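Spelled out, the chains give:
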Amino acid sequence: MAHLNPVPLADVKDDDIRERFEHYRKTRGFTPNSIMTMVRRPNIVRAFMALNQAVLYEGTVPEETKMLVSLACSYAAGCLYCQSHMTNLASIYKAF
């Protein structure tokens, strides 16, 4: 399997993406490597970030509940990467 290093923030050319990455760093304490790798394809990273926004932060289900469901799904899938990210978010949203 190929391995790509995350793109450093200084190398991100698109202002809208760089601003979103900064937002992640400020609110989560880091910018996820997954999106820092996807940024090689700007339209893909924009679509992924829009999906993340719609799933976790929009709609009528409380954000705390969404964080816990996402965390439970991460554990059920056995994805340590997802577990670490969702544990971080669930903690930020005081979901547990």
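Look a little higher up for the structure.
First, a word on what this report is: a plain description of the structure on this page. Please read these numbers as outputs of a predicted model, since none were measured by experiment.

Some remarks on the packing of aromatic side chains
Then, number 1: Considering all chains together, one arrives at one aromatic pair under this definition.
Then, number 2: Ring centres of Tyr-57 and Tyr-93 lie 5.9 Å apart, and the angle between their planes is 45°; this geometry places the pair in the tilted category. You can see Tyr-57 sitting in helix α3 (residues 42-57) and its partner Tyr-93 sitting in the segment after α5 (80-92), a full 36 residues away along the chain.
Then, number 3: A cation sits over an aromatic face here: Arg-20 above Tyr-24, 5.4 Å from the ring centre.

Some details on helix α1 (residues 15-28)
Then, number 1: The end-to-end C-alpha distance of α1 is 20 Å, a good match for the 20 Å that 14 residues give at a rise of 1.5 Å each.
Then, number 2: Residues of α1 that are buried in the fold lie against α2 (33-38), α3 and α5.
Then, number 3: Looking one or two places after α1, you find Gly-29, whose phi comes out positive at around 95°.

Some words on the side chain of Gln-83
Then, number 1: As for its placement among the helices and strands, Gln-83 is situated in helix α5.
Then, number 2: Among the residues examined, Gln-83 registers a relative accessible area of 10% and is labelled buried.
Then, number 3: Among residues more than four places away in sequence, those in contact with Gln-83 are Leu-71, Ser-74, Tyr-75 and Gly-78.

About the criteria used
- Residues numbered from 1 in each chain as written.
- Predicted model: local features only at pLDDT ≥ 70, side-chain atom pairs only at ≥ 80, totals over all residues.
- Heavy atoms only, no water.
- Phe/Tyr/Trp six-rings, centres within 6.5 Å; stacked < 30°, edge-to-face > 60°.
- Helix = DSSP H or I, 4+ residues; strand = E, 2+ residues; numbered from the N terminus.
- Lys NZ or Arg CZ within 6 Å of the ring centre and 35° of its normal.
- Expected span 1.5 Å × (residues − 1).
- Contact = heavy atoms within 4.5 Å.
- Buried < 20%, exposed > 50% of the residue type's maximum accessible area, 1.4 Å probe, protein only.

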